[in-house]
Amino acid sequence: MKKVLTVSALSLATFSAVQTAKADETQTNSGQTDDRSTQVQQQQVSPVDQAQSKVTEAQTNVNVKQNEVNQAQAKVDQAQVNLETTQNEYNDAANKEQQVANDVNQAKQAQQEAEKTAENATSENIQSTKDDINQTQQQITDQQTQVDQAQSDYDASQKVVEDEQNKVNDAQAVVDQAQTKVDQAQDIVDNSSAKDAQDKVDQAQANLQQAEQDKKNVEQQISNTEQEINSNQNKVNDAQSTVDQTKSDLNTANERVDQAKTNVDNANKAVSTQQNKVNDLQSKVDSLKDQVDNVVIVPQMPENAMKEILANNVSAETAKMLQNMYMDPKTFIINNDYLYHGPQSDKNRPADYANLTYDQAKELTLFAADLVNQYRSQAGLPPVKVNEDSILYALEAGQKSNVKNYHDTKVLQTIMKEHNVSSYENLHKSYSSAELGEMNTMYDLKYEIFQGVVAMMFNDAGSNWGHAYTILSSHENDDFENKDNTFLGVSTDKFGNVHYEFIYPITLYKDQFADLNTKDSQFSQQNLIDIPDNAATIKEYNDQKNKLATENATLDNLRSVAQKAERSYAVQLNSQKDAQIKVEQAQTALAQAKDALVRSQAQLTKLKQDQQVAVNKVAVATQNLEQAQNALKAVEVEFKSELEKLAQAKEELNTAKNQLVQAKTNLSQAVATSEDKKTELEKQITKLNNLKAQLVQKQAQLESYEKAGVNLAKANENYAAKQAEHVTAKQALTFKATKLDQAKAEYETAKAVLDKTTDELIQLQSELTQAQNDLAQALKERSEEEQRRREQEKELQRVENELAVKDKGYHEHNGQVVDQNGKQVSGWTTKNDKLVDPAGNEFTVVSKEASNDTTETPTTSFEKNAQDSAAKKAELEKKAQVAVPQASEKVTATTRDKVVAQVTATSVVSETSKDEQKQGNTLPQTGDKSEMGLVSLGFTMILGMLGVNIFRKKRVK
């Protein structure tokens, strides 16, 4: 069989194989062909073969590992059986060891008891036991007598029970006989004609009684119905009254709803009016607040506290209240609202407290005057004033002060004389802040001034509130020419203390300063410096805020009134709804009451009809009774005798029954007595048995005393034997425990091997699954590759046929396809003026009829294309001759076979059958066989590299 090669569209791998084959062929002469061929084969193993190899290898690994798992599982199963067997043996040994241990304990206890008995087996105890035995035997004899007597009494009581039972049986027989006589007499009476008459009388009486009862029932129902009618009429009347009342209540509720709605409207109107008023005040307060927010405001002081300060009569309660407002009574920390919070920009303005400039002293004085005037305004007092002299006075007082922690009175008196004034100095001792380096800016100085004023107003109890009095008072009781003429100057001294100088241009103490010029004051009262009227603004702000609070309270009250009105309105609406419901309910009840009255009246009419029927029934029943009584009188004499016999028999039966009851009572008493005797007998027998048991125990005790030595020896021997047995049992248990531990270890080892082998099997199964997936993918890719190869071959055949049509001059002649020589082309047909190759490809050829000579070569519509195709084909053939060995080259058959074999081994080469060889190696247009298999192979390789599209030409339309 000749091997024919078919190539896929992408033939690069095959082309490389051919090149390698050529190299191998070249080296064949040097003797290296076999090795190189083997290497080529190894390099050209197909992906499917590789995947299949991996699957086979993975499956082999899985099978091997599965065998290992099975073997490991068998070992685990055997180890499990061994472990269970060993565990059972260990359990048996443990149970036996425990049983022997119990036996040892019991033997030990018996030994101890034997030892104790041997110790107690003295002659005295033996004699004492013998005496007890004799005494017990006598007690048994005496108790036996008691038992015998109790037995005799019980037997006698049983005889009484038997006698009484016989009496009961006899009495029962008498009762049965009497009952028979009664039954016979009753039967005679029942079968008598008088009985029938009597029954008719009884039935007539019963009928009469029933008729009279029916009549009474109807009359009672009439009475009840009349009462019901009266009741229903009353209910109708009451319901009508309720309807009238509920309608009246509904009208009232409607009026109240209207009034409540009016109240709601009025209340809401009042709220709206008050809200507008509050809004106006709020606007004013907001406007003032914007102004106040830029002002340092002192904490407000209660009015009563100010009055007590001005009256020099501050109570302890007020002092405590002010102090608690100022600081926490527990921690003594000043509350935040009483601390200075001024402009932060002042922290960037340096100041030397020991050397204040005039401008700095002026700024601080005006700042302090504002604080003081806020309190004076709150108290209704005139404000302090500031001018250049008051500032210079304060600067002089501060600069000349040489006392660190108090007033320098000498300096103060001197400058008072120099300026011809009187003054009060409030001193804030802030030297500690200065020493701590906390008085270096204008913010720091204002902080101390503020804290000084606030402390003097709220925490001045230690000075009897003198500082607060000075801040508030104009000293109106002093001899001033102008009591409202108070000047203020503020400065600091070299220690860091703050001096508040309240200056009065007229001296307070004329008699003490006689040399003082009182007429020509050296202190100017002119050129006042404007103090920011923050106090007035703050006062207005506070007044408006208080007024706003009052109006808000009024608004809240009005809202409360409105809410109450709303609630009242809601309540009235609910009341109105309830009233409406009650009206409807009352009307329903009235209708129901009227219906009930109509029904009861109709019932009364019917009952009166029933009453007449009942009266008629009574009359008929009375007549029937008279007739039955008359019939009874006719047979009454004969029936009377039978009735007397029946009565006599019943009397005798009653007597017999009474006697039977008495007999049964006597029997019960006899049985009870016998049970008591039996209980006594059992009691005496129990005592006897107890004495006998005591005798046996004492006899055993005596025997144990007498055999104490022998029993002790046996106990010792038994104890030793049990101990030896226990040692053997423990040894056996230890041995079993060792075996158990070994079995457990073997099981755990086998289990670990099984787990490890199982994990490995799982991994190998995973690898097998992956290999199978890879094989499936490779098969899929090979199938796709084969499909592409077949399409390439088909396209290649089409191109070759197209070239043949051009080169060989294929055309149609007399319904057949022939070449340019007029020779029929095998397998080709015509269809619709087109040439059809064996694969079904159609080719269009336009014939040019030049003559009738059938051998004339037809001219196609693409001669130029045919020429181009021929040129390209020649070029490709030339390249194929370069790439593939020619027939003239020396290539051994062996090497060629190896090349063919190698190419065949790849997924792109296949071996064909004889028919396929014939068709594949025969040119369809000529039928000639090609001997250039390798040349064709090379040609198709090049086509695969360059792409077959270069051979496709446009068909003639």
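Right, let's walk through the structure included here. (Residues numbered from 1 in each chain as written. Predicted model: local features only at pLDDT ≥ 70, side-chain atom pairs only at ≥ 80, totals over all residues. Heavy atoms only, no water.)

## Structural notes on the overall build of the protein chain
Rules: In DSSP terms, a helix is any run of H or I states spanning at least four residues, a strand is any run of E spanning at least two, and both are numbered starting from the N terminus. Only protein chains enter the accessibility calculation, which uses a 1.4 Å probe. A residue is then buried if its area is under 20% of the maximum for its type, exposed if over 50%, and partly exposed in between. Here the Shrake-Rupley method, with its probe set to 1.4 Å, supplies the accessible areas, and only the displayed protein chains count as covering residues.
When helices and strands are tallied, the protein chain shows 19 helices and 8 strands. Out of the 957 residues in the protein chain, the part that is buried amounts to 36%. Put simply, the protein chain shows about 55,800 Å² of open surface, and 47% of that area lies on carbon and sulfur atoms.

## Considering the pattern of salt bridges
The following threshold applies: Throughout this description, the term salt bridge denotes a Lys or Arg side-chain nitrogen within 4 Å of a carboxyl oxygen of Asp or Glu.
A full pass over the atoms with the stated rule returns 30 salt bridges. Across the pair Glu 760 and Lys 65 runs a salt bridge, and its minimum N-O distance is 2.7 Å. With Glu 760 in helix 15 (residues 708–807) and Lys 65 in helix 3 (residues 47–120), the pair connects residues that are 695 residues apart, well separated along the chain. On the accessibility criterion, Glu 760 (26% relative accessible area) is partly exposed. The buried category is assigned to Lys 65, whose relative accessible area is 12%. Salt-bridge contacts for Arg 789 lead to Glu 786; the nearest nitrogen and oxygen are separated by 2.6 Å. Linking Arg 789 with Glu 786, this pair stays in helix 15, spanning 3 residues, or about one helical turn. The pair formed by Arg 789 and Glu 786 is uniform in burial state, with each residue classed as buried.

## So, helix 8 (residues 358–378)
To keep things clear, this is the line we draw: For a helix, the expected span equals 1.5 Å multiplied by the number of residues minus one.
Taking 1.5 Å per residue, 21 residues should reach 30 Å; helix 8 reaches 30 Å between its end C-alpha atoms and fits that length. Counting buried residues along helix 8, 16 of its 21 residues qualify, which places the element largely inside the surrounding structure. Directly after helix 8, the chain includes Gly 380, whose backbone phi takes a positive value near 75°.

## A closer look at the packing of aromatic side chains
In plain terms, the rule: Two rings from Phe, Tyr or Trp (for Trp, the six-membered ring) form a pair when their centres sit within 6.5 Å of each other. Planes less than 30 degrees apart are called stacked, planes more than 60 degrees apart edge-to-face, and all others tilted. Counting as a charge over the ring demands two things of the Lys NZ or Arg CZ atom: a distance within 6 Å of the ring centre and an angle within 35 degrees of the ring normal.
Inspection of every chain in the model, using the stated rule, returns 10 aromatic pairs. Between Tyr 340 and Tyr 447 the ring centres are 6.3 Å apart and the planes differ by 75°, which places this aromatic pair in the edge-to-face class. Of the two residues, Tyr 340 is situated in the loop between helix 7 (316–326) and helix 8 and Tyr 447 in helix 12 (residues 442–458); the sequence distance between them amounts to 107 residues. Looking at Tyr 447, the relative accessible area reads 30%, which means it is partly exposed. With 5.7 Å between their ring centres and 80° between their planes, Tyr 424 and Tyr 504 make a pair best called edge-to-face. Of this pair, Tyr 424 sits in strand 1 (residues 422–428) while Tyr 504 sits in strand 3 (residues 498–504), placing them 80 residues apart in sequence. Of the aromatic side chains, those joined through ring pairs into one cluster are Tyr 340, Phe 367, Tyr 443, Tyr 447 and Phe 450. Between the NZ or CZ atom of Lys 347 and the centre of the ring of Tyr 443, over which it lies, the distance is 4.8 Å. Its guanidinium or amino end placed over the ring of Phe 367, Lys 446 lies 5.7 Å from that ring's centre, counting from NZ or CZ.

## Remarks on the side chain of Gln 111
Threshold: Only heavy atoms enter the contact rule, under which two residues are in contact if any of them lie within 4.5 Å.
With respect to the element layout, Gln 111 can be found in helix 3. Note on Gln 111: relative accessible area 9%, which makes it buried. In this structure, Gln 111 is in contact with Leu 712, Ala 715, Asn 716 and Tyr 719, ignoring residues within four places of it in sequence.

## Here we look at helix 7
Quick reminder of the rule: Our arc is simply the arc of the directions from the helix axis toward the C-beta atoms.
Taken together, the buried positions of helix 7 are Thr 318, Ala 319, Leu 322 and Tyr 326. Angular distribution of buried residues about the axis of helix 7 spans 100°; they occupy a single face of the element. Opposite its buried face, helix 7 presents the exposed residues Ala 316 and Glu 317, each directed more than 90 degrees away. Structurally, helix 7 contributes buried residues whose contacts are with helix 6 (303–310) and helix 12.

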